[in-house]
Structure formats: structure tokens, C-alpha cells
Amino acid sequence: MSTVLDVKGISRNFGGLKAVDDVAFILNNGDVAALIGPNGAGKTTCFNLLSGALSVNAGTVLFGGHDITRWQPHQRARAGIGRTFQIAATFRSMTAIENVEAALMAAGMNTDTAEKLLEDVGMSAMTAAPVTTLAYGDVKRVELAMALASEPALLLLDEPTAGMAAEERHRIMQRISDLVRARGITVLFTEHDMDAVFGYASRILAMDQGRLIADDTPDAVRNDARVQRVYLGAPEDGDA
Amino acid sequence: MGFYFAQFLTGLASASSLFLVAAGLSIIFGVTRIVNFAHGSLFMLGAFIAYSISQQFGFWVAVPLAALSVGAIGWVMERTVLSRLYGAPELFQLVATFGLVLIVQDAALWIWGPTDLLGPRAPGLTGVVRIFDQPVPEYDLFLITVGFSVLGAIWWMFTRTRFGILVRAATEDREMLQALGVRPARLFQATFFIGAALAGLGGALEMPRQPVSLLMDLNIIAEAFVVVVIGGMGSVTGAFLAALLIAELNAFGILILPEITLVAAFAAMAVVLVIRPYGLLGKQATTAPHAVEIQPPQTLGEAGRLAAAVLVAALFVLPIIAGDFVIVLTADIMIFALFAAGLHFMMGTGGLVSFGHAAFFGIGAYAAALLVERAGIGMEAALILAPVAAAIGAAIIGWFAVRLSGVYLAMLTLAAAQILWSASVQWQDITGGDDGILGIWPAAWASGTTAYYYLTLALTTVGIVSLMMLASGRFGILLRAGRDAPARAQALGIDIKLRNWAAIVIAGSAAGLAGGIFAFSKGSVFPDTLAIPNSVDALVMVLLGGLHAPAGPILGASVFALLEDSLSRLPYWRALLGTAVVGIAVFAPGGIAGSLSGWLKRRRERSA
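Residues numbered from 1 in each chain as written. Chains lettered and ligands numbered in written order. Predicted model: local features only at pLDDT ≥ 70, side-chain atom pairs only at ≥ 80, totals over all residues. Heavy atoms only, no water.

## As for the overall build of chain A
Assigned secondary structure in chain A consists of nine helices and 10 strands. Relative to the globule expectation of 18 Å for 240 residues, the C-alpha radius of gyration of chain A, 18 Å, shows essentially globular dimensions. The dimensions of chain A, computed from C-alpha atoms along their principal axes, are 55 × 40 × 35 Å. At a minimum sequence separation of 6, the contacts of chain A that also span at least 24 residues come to 65%. Surface exposure of chain A reaches about 10,300 Å², of which carbon and sulfur atoms provide 47%. Taking the average location of the 22 positive side-chain charges in chain A and that of its 30 negative ones, the two points are 4 Å from each other. (Helix = DSSP H or I, 4+ residues; strand = E, 2+ residues; numbered from the N terminus. Rg over C-alpha atoms; globule rule 2.2 N^0.38 Å. Contact = heavy atoms within 4.5 Å. Areas by Shrake-Rupley, 256 points an atom, 1.4 Å probe, with all protein chains shown as cover. Lys, Arg positive; Asp, Glu negative; His and termini not counted. Charge placed at Lys NZ, Arg CZ, Asp CG, Glu CD.)

## Here we look at empty space enclosed by the protein
Residue and element names in this part refer to chain A. Overall, the coordinates contain three cavities of 30 Å³ or more when judged by the stated rule. In this structure, the largest cavity spans a volume of roughly 60 Å³. Around the largest cavity, the lining residues are T84, K140, R141, E143, L144, L157, P160, M164, I172 and I176. For the lining of the largest cavity, the element with the most residues is helix 5 (residues 136-149), which contributes four residues. In terms of residue class, the lining of the largest cavity is built from six nonpolar, one polar and three charged. Counted as a void, the second largest cavity has a volume near 50 Å³. Among the elements of the structure, helix 6 (166-183) and strand 8 (186-190) are those that each provide at least two residues to the lining of the second largest cavity. Per element, the largest residue contribution to the lining of the second largest cavity is four residues, and it comes from helix 6. Of the residues in the lining of the second largest cavity, the class split is nine nonpolar, one polar and no charged. (1 Å grid on protein atoms, 1.4 Å probe; cavity = no way out; pocket = protein on both sides within 12 Å on 5 of 7 lines; lining within 4 Å. Points joined across faces, edges and corners; volume = space filled by probe spheres on them. Nonpolar A, V, L, I, M, F, W, Y, C, P; charged D, E, K, R; others polar.)

## Comments concerning the domain arrangement of chain B
Residue and element names in this part refer to chain B. Its domain assignment divides chain B into domain 1 (2-214) and domain 2 (321-530). Here the C-alpha centroids of domain 1 and domain 2 sit 34 Å apart. Contacts between the two partners involve seven residues from domain 1, matched on the other side by eight residues from domain 2. A buried area of about 660 Å², summed over both sides, lies between domain 1 and domain 2, and 92% of it is on carbon and sulfur atoms. It is E90, L91 and L94 that lose the most area in domain 1 upon contact with domain 2, and together they represent 53% of the buried surface on that side. The interface formed by domain 1 and domain 2 holds zero salt bridges in total. One can count zero residue pairs in polar contact (both at pLDDT 80 or more) joining domain 1 with domain 2. Ranked by residues supplied to the side of domain 1 that touches domain 2, first place goes to helix 4 (residues 90-112) with four residues. (Domains from an automatic or database assignment. Buried area = accessible area lost by both parts, 1.4 Å probe. Salt bridge = Lys/Arg side-chain N within 4 Å of Asp/Glu carboxyl O. Polar contact = N/O pair within 3.5 Å; in protein donor to acceptor, adjacent residues only side chain to side chain.)

## Description of helix 10 (residues 236-256) of chain B
For helix 10 of chain B, built from 21 residues, the straight-helix expectation of 30 Å at 1.5 Å per residue is met to within 8% by its first-to-last C-alpha distance of 30 Å. Measuring from the backbone nitrogen of G238 of chain B back to the side-chain oxygen at the start of helix 10 of chain B gives 2.9 Å, which picks out S235 of chain B as the cap. (Expected span 1.5 Å × (residues − 1).)

## With respect to the side chain of N500 of chain B
Relative to the helices and strands, N500 of chain B is located in helix 21 (residues 496-522). The contact partners of N500 of chain B, leaving out residues within four places of it in the chain, are L352, V402 and L479 of chain B.

## Topic: unusual backbone geometry
All names here are of chain A. With phi around 55 degrees, D22 is a residue other than glycine that occupies positive phi space. With respect to the element layout, D22 can be found in strand 2 (residues 17-28). In this structure D22 comes out as partly exposed when scored by relative accessible area, which is 45%. (Buried < 20%, exposed > 50% of the residue type's maximum accessible area, 1.4 Å probe, protein only.)

## Some words on the pairing of strand 7 (residues 154-158) of chain A
All names here are of chain A. In terms of residue burial, strand 7 counts as a mostly covered element, since five of its five residues are buried. Taking every second residue as pointing to the same face, both faces of strand 7 are buried, with L154, L156 and D158 on one and L155 and L157 on the other. In this structure, strand 6 (residues 81-84) lies alongside strand 7, joined through four bridges in parallel fashion. Residue pairing for strand 7: G82 is matched across the bridge by L155. (Pairing = 2+ DSSP bridges.)

## Re the interface of chain B and chain A
Bring the parts together and some accessible area is lost; that lost area is often taken as the interface size. Contact residues are listed per partner, giving 22 residues for chain B and 23 residues for chain A. In total, about 1,900 Å² of surface goes out of reach between chain B and chain A, with carbon and sulfur atoms giving 64% of it. Inspection of the chain B/chain A interface yields one salt bridge. Applying the counting rule to chain B against chain A returns 10 residue pairs in polar contact (both at pLDDT 80 or more). Looking at side-chain class alone, the side of chain B that touches chain A contains 12 nonpolar, four polar and six charged residues.

## Topic: the packing of aromatic side chains
Residues and elements named next belong to chain B. Taken as a whole, this structure holds 23 aromatic pairs over all chains when the rule is applied. On the numbers, 5.5 Å between centres and 65 degrees between planes, the contact of F37 with F225 is edge-to-face. Taken together, the positions of F37 in the loop between helix 1 (2-32) and helix 2 (39-57) and F225 in helix 9 (residues 216-231) put the pair 188 residues apart, joining distant regions of the chain. Every member of this aromatic cluster is reached through a ring pair, and the members are F37, F98, F225 and F355. (Phe/Tyr/Trp six-rings, centres within 6.5 Å; stacked < 30°, edge-to-face > 60°.)

## Things to note about the sheet that holds strand 1 (residues 3-14) of chain A
Residues and elements named next belong to chain A. The strand order across the open sheet formed by four strands is 2-1-4-5, and the pairing between neighbours is antiparallel. Lying at the two open borders of the sheet, with one neighbouring strand each, are strand 2 and strand 5 (66-67). One ladder, built from eight bridges, connects strand 1 with strand 2; its direction is antiparallel. Paired with V7 across the strands is F25, a residue of strand 2. Helix-sheet contacts for helix 1 (residues 43-51) involve strand 1, strand 2 and strand 4 (58-63), and the interaxial angle to strand 1 is about 120 degrees. (Axes fitted to C-alpha atoms, helices over the stretch in contact; angles between N-to-C directions.)

Take a look at the structure:
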């Protein structure tokens with residue numbers, strides 16, 4: 001199994017706060033890994049360090065063997081890293097299909113596949129709708145189609161089911177799972193919904209206070225004492 | 001040693017004066033997020049009002065009374081115009097405040113007349129003191145004291161009083177403050193009063209240093225913008241440091257080479273912005289408003305394309321049926337439509353607001369004129385090289401500009417244009433100064449009114465259609481993507497900075513071509529092609545026509561030129577134009593095309 005992403009001891013400080021502290025992990029081709037942790041654990045900062053939206057204070061990021069630590073977000077995207085945002089980001093002056101066409105144009109690809117991409121995420125009935133008129137769950141689907149447009153090797157999904165009802169959460173996760181498996185995409189996603197995490201991730205990375213405290217299979221992480229302490233609170237914390 | 005210290009004190013006195021204006025501008029921006037273009041007008045009013053009061057009651061009564069009066073005028077401005085624009089895209093706020101500049105200019109002309117007025121000197125401070133054996137004016141020392149005192153007073157007000165703490169809270173989170181039972185409107189009014197009073201104080205204190213004139217408003221505002229951008233928007237201490245930097249650069253730069261002061265201000269701003277994009281002590285706004293409203297572009301459609309074809313055909317036959325006056329006026333409209341179309345492209349599609357678009361128009365005009373006059377090349381080559389020269393200028397200014405967004409970008413472009421304007425006035429050996437460059441006539445084959453009209457028609461049509469195609473094609477779609485959601489666009493692989501830079505260069509070269517055509521059309525080039533009013537004309541044309549309509553620049557340029565042609569025959573026409581500008585920004589932000597399409601849509605819905 002080949003290594004897609006090799007994260008070596010990355011750190012990021014905001015003033016005195018260590019938002020991400022010496023985090024290291026490897027993602028192999030085909031991994032569907034979840035990055036979990038309580039609010040403020042450093043998940044989104046870690047995501048932003050991987051996508052280039054933030055620069056690291058220390059450490060190295062290798063993607064496909066290339067050192068991309070100092071690369072800009074657009075350079076990483078062109079290299080094959082796609083991402084979605086915690087709050088779905090689409091082009092508000094455009095319709096659903098225009099958004100996907102723009103994503104295809106940005107990747108230098110033919111725009112003919114835009115409808116197929118929307119169909120893949122279950123949006124074929126609303127291709128001509130302005131994104132500003134879509135329900136939030138649908139906007140997230142459009143964003144997913146945009147992220148898939150460039151056929152990325154690695155997809156970073158920041159809370160893909162945030163703001164969705166339970167049934168819709170399951171549907172979108174199932175669809176993501178089917179799509180990435182069919183296309184052989186490596187995925188790293190953050191998620192608060194533990195059903196989604198344990199139901200769809202093949203591997204789980206757990207963070208707490210900026211540090212990576214577990215990196216293992218779902219079953220192993222479920223039984224990890226440190227993860228349990230972070231999520232359930234330790235007896236000595238007084239609230240167990 | 002003594003000489004240099006005296007020069008340092010001169011710089012410090014100028015810094016104090018500049019700081020008073022910039023601090024007011026910065027405070028108002030910090031709280032209301034409005035860049036008040038009319039702040040220079042308040043400075044000018046301070047000087048005029050102080051002059052009038054001083055004639056009756058003397059200097060020392062005039063200064064505080066003028067500051068208070070200007071504070072009250074600022075309060076009225078806030079209540080009547082600006083309070084209606086909170087939350088509007090920055091572009092509309094900027095344009096509305098420029099409308100106020102025009103109104104105040106004519107009001108001052110009406111009240112005080114066109115002649116420069118010499119105010120009194122400050123009684124008791126007319127002498128000099130010798131420091132290190134060098135004479136230093138007492139009044140300069142007084143100004144330095146005022147500058148430091150005001151800095152201290154503002155610091156005390158914002159950190160030690162309930163009002164200051166609430167104002168700071170309002171800059172952070174207005175909604176939370178409202179939820180806590182504080183009315184932000186009152187704070188905004190008070191802030192406007194204080195900011196305006198500081199500008200008025202600055203103007204009044206200038207009386208002994210320079211004649212009170214109608215040029216004071218635009219002269220000071222460009223400099224104040226540079227100071228506020230360098231210092232960091234909203235930071236009073238930053239404004240003080242920046243005023244000190246600029247004033248000292250001026251004080252010492254002038255010893256080496258008088259012209260260097262112009263470049264020094266821009267160079268200082270450029271260096272600071274590259275190192276710290278939000279100024280020395282500024283912070284990146286967490287919720288930066290969009291410079292322009294995000295909405296789908298209106299498409300030309302079948303009917304629009306037909307109308308465009310009919311328009312070109314009508315323009316083609318015009319010389320057969322119309323006289324010279326109409327032909328020249330129509331050619332002017334076409335030139336301005338191309339000028340505005342470039343700005344429309346970068347603002348509407350790219351969300352990049354330029355307040356100094358005249359820089360590129362002027363570079364094109366001067367390049368054409370200099371190539372013909374000094375290098376002796378022909379019109380044809382000059383018309384090719386004019387947009388190239390403007391593109392180079394746009395590439396230099398744009399390199400800095402793409403590192404910024406919103407008001408910073410607008411202010412940087414304005415400052416760059418103002419520096420070029422100053423250079424064109426002062427660099428007499430090359431540009432001819434105020435006398436301009438004369439005798440720039442077209443080649444023999446294009447020298448007739450009709451022949452040059454057709455050349456103008458051909459070049460402007462190609463220019464405008466190219467811009468429209470770029471806006472609706474792949475380049476424009478990805479440019480718009482960067483405008484709508486920058487982080488999303490970057491995550492898709494779009495290099496936003498590079499694309500925005502290219503958009504500025506394209507818009508600049510279109511303006512340069514318009515400037516080149518304009519130079520040959522008038523046979524001369526003057527510094528006003530580079531001046532702020534020319535930049536604002538382009539902005540008004542874009543806004544008037546409609547920012548999101550492809551035909552916006554054409555409609556805007558046509559209506560603007562006709563309006564200006566008819567209004568300029570009236571006395572105080574600038575005030576009328578200013579009122580129209582404020583009216584559009586407040587009541588019809590969609591411009592003519594936007595209002596028209598809205599009206600048609602409502603009509604269709606009613607009949608359906």
C-alpha cells in the first residue's frame with residue numbers, strides 16, 4: 001500500500017496557544033480516516049495546515065513523496081488535495097452546475113462531466129438552481145461535487161454532515177463512502193457525529209489539546225483509555 | 001546637527017497636522033467601517049470656518065469653534081447620508097462620501113468664493129526659538145504639542161472612559177453590544193462628531209501655515225489615506241507613527257531631491273504593506289464586508305445582443321446624420337465607456353475596487369503624448385504602446401494591490417494615482433506640469449472629426465467586446481469564483497492573486513487604450529487625466545450603469561456624459577452631480593440597468 005500523505009511533527013501556535021502540537025501520521029492509499037476530538041482539539045487547524053490555508057510553525061508535510069510544507073493552497077489543490085469546509089463554501093453568484101463547472105475549469109478539465117458529478121452526489125434534480133436558494137445539506141453536496149471535480153488523490157472533508165438531520169447524515173456519508181471507494185480516493189474527515197465516524201472510517205485519529213492521542217482501527221480507538229477519558233471524562237476529573 | 005534637528009522638528013509639526021486628520025479618519029473607520037472620502041472636505045471646512053470666525057473673534061477663539069462646528073457638520077453627514085449605508089458594500093459607501101466631497105466643494109465655493117484666503121497667524125506664536133542655533137517657528141512647536149496631546153487624549157478616551165470602552169466593543173461586535181442594551185447608533189454619531197471635529201481642528205490649525213483654498217480637501221485626503229493605510233485602519237497610534245514616518249520622509253527627502261517625496265510616500269506604503277498587509281498596527285477584519293455586492297451577473301441575452309448590434313450600426317451611421325458637436329460628444333462617450341468597462345470588469349467580476357483607475361487612463365494618455373512629442377513616433381504605434389505602458393503601470397501597482405482587499409486596495413490605488421498626478425504636475429521638464437503636453441494630433445488619415453470618430457468606434461468596440469467576452473468566459477468565471485469565495489477558489493487550485501493581478505493589468509490596459517485615444521482626440525494631455533475626479537467619474541459611470549450588467553459601462557458613460565454636459569452649464573453643477581451620486585448610492589444601488597431589470601421583472605411577475 002503506497003503512502004499518500006506523510007505528516008511529520010507539524011505544529012501551529014496562536015500566540016501562546018499550541019493549537020496543533022507535534023502531530024505526525026501517515027495516510028495510505030485507500031484509507032478513509034476520521035480525525036476526531038472535542039471542540040478546540042485542533043482538528044480544523046490541522047486540516048488548514050494540510051490544505052495550506054495556514055502555515056506550520058514546525059514540521060513537514062509530504063504528499064505523494066513531495067515536500068508540500070511551504071506550498072500555497074492552490075498549489076496543493078493542483079497537486080491532488082481536494083477539500084470541503086466546515087461551513088460549506090460555494091460561489092454564491094452561480095448556480096449548482098456553474099459551481100461544478102468552475103471547479104472543473106479550475107482543474108483544467110472538460111466541463112461536460114459537471115452534470116454527472118452532481119448526479120453522483122444526488123443533486124441531478126437541482127442543477128440549474130442558484131446555490132443561494134438551496135437547503136444547507138444540498139449546498140454541502142454541491143461542495144462535495146466541486147471537491148471531487150479535480151479527481152483528487154486525497155480528500156479532506158471538514159465535518160461533512162454538520163448541520164444535517166440524522167437521516168441525511170447517514171445518506172451523505174454512505175454516498176461519500178461509495179464515491180471514494182469507487183474512485184480510489186484517500187479520505188481524511190473530521191466529524192462530531194460518532195455514528196458517522198465509527199460507521200464509515202477504516203481508521204481513526206484522535207486529537208486532544210492539539211496533540212494526536214490515538215491512531216488506530218475504530219475498535220482499538222473505541223477501547224483506548226485516553227480517548228475514553230477525553231470523551232467521557234476521567235474519574236479524577238470529578239465528572240465521571 | 002542643529003539643521004537636521006530643526007528639520008526633524010519641521011517634520012514633526014507636519015506629522016501632528018497630518019495626524020489630526022488621519023486620526024479622525026481612522027477612528028471613524030474603526031467604529032463604522034466607513035472610509036470617509038469627505039474627511040478631506042471636513043478638514044477644508046475647518047480651515048474656512050476658522051478663517052471666517054477669526055475675522056471677528058481672533059485666532060484662538062476661531063480654532064476651537066471651527067472644530068466644534070465641523071464636528072456638528074460631520075454629525076449631520078452621518079445622520080442624513082452615511083447612516084443609511086451601514087452594511088452596504090464598501091464601494092457604495094466610498095462613492096456616496098465622494099458625492100459629499102462634490103457638494104461640500106461647491107458649498108465652500110458659494111460661501112467663500114474661489115480666491116485663496118490668507119488666515120491670521122497665531123497671536124503669541126509668531127516668532128522663532130533657536131534650538132542648536134537654528135530658528136524653529138514657535139507655531140511648529142505648538143503643533144507638535146497639540147499632536148502629542150491629542151494622541152494622549154484619544155488614548156485616554158478609548159482606554160479609560162466608559163464611552164471609549166463601548167466604542168471599542170462596537171468595533172468588535174455590534175450585535176452583542178445591542179443585545180447588552182447599548183444603542184450603537186448613538187456611538188456612531190458621537191464617533192463621527194469626534195472624527196469630524198479632529199479634521200476640523202487640523203484644518204483650522206493649518207491657517208497660519210498655508211492659504212485656505214478649495215484644493216485643501218483632495219490634497220489632504222490622499223495623504224491621509226496613505227497614513228491610515230500605513231498605520232493600519234482603525235489604529236490611532238498606527239496613524240501617529242505613519243504620519244511621523246511620512247512627514248519625516250518628506251522633511252528629509254526634500255533636502256535630497258524635491259520630487260523624491262512623492263515616490264517616498266508610495267514606496268513607504270508599498271514596503272509596509274508587503275511586510276504587514278494590514279498596516280503597522282492594523283488587524284485583519286474577521287468579518288470583512290465584500291467590496292461589492294455578490295450577485296449573479298446579468299447576461300446580455302438574445303435581445304441584448306440584438307440591441308448591441310443595433311447600437312453599433314447606429315454609431316456607424318451617426319456621422320452621416322449628425323453634426324460635429326454630436327460626433328465629438330459621442331466619441332467622448334465611447335472613450336469613457338471603454339475606460340469604465342475596464343473598471344467594471346475588475347470591480348464587477350473580480351470584486352477589486354479601484355479608486356485610482358485614472359492612473360491607468362493617465363498613463364495611457366501621457367505615454368501616447370510623450371511618444372509622439374518626445375520620441376517622434378506615429379499615432380498608430382503610440383496607440384499600441386499606450387495600453388502597453390498602462391499595463392506595465394497596472395502590473396506595478398497591481399503587484400501591491402493584490403496583496404490587499406476591500407478598502408485597503410481602493411486606498412492604495414487612489415494613493416498611487418494621486419502620486420502619479422503629483423508627478424505629472426511637478427515633473428515639468430517631462431510632462432509640462434500644469435501646462436500639459438500640447439499638439440498631440442492624429443495621423444493625417446485620421447485627422448478629420450469623422451475619421452477619428454470611426455477609429456475611436458473601432459478601437460473602443462474591440463476593447464469593450466473583448467472585456468465582455470473575458471468576463472463571461474473561463475477567465476471571468478474563475479475571477480468571479482475568487483471574488484465569491486476566496487478560500488474555496490484556492491482549494492480548487494485557482495491562484496487568486498495571479499488572476500486578480502491579471503484582471504488589474506487587463507483593466508489597466510483598457511483604460512490606457514482609452515487614455516491614448518483621448519489624447520489624440522483632444523490634441524493635448526493635462527494632469528487632470530490622472531486626478532481623483534477622473535477616477536471617481538469612472539466609478540460613477542460604473543455605478544450609474546449597473547455593476548452587474550454587461551451594458552453597465554456603456555449606459556453609465558452615456559448618461560454620465562450627457563448629464564455632465566448639461567449640468568456643467570449650470571452654476572454649482574458639482575453639487576448637483578454630488579447629490580445625484582449620493583442619491584444613486586443610497587436609493588438605486590443597482591444602477592440604471594439594475595433598476596430597469598428589476599422594474600421589468602416586477603412587471604412580468606404582475607402580468608403573470
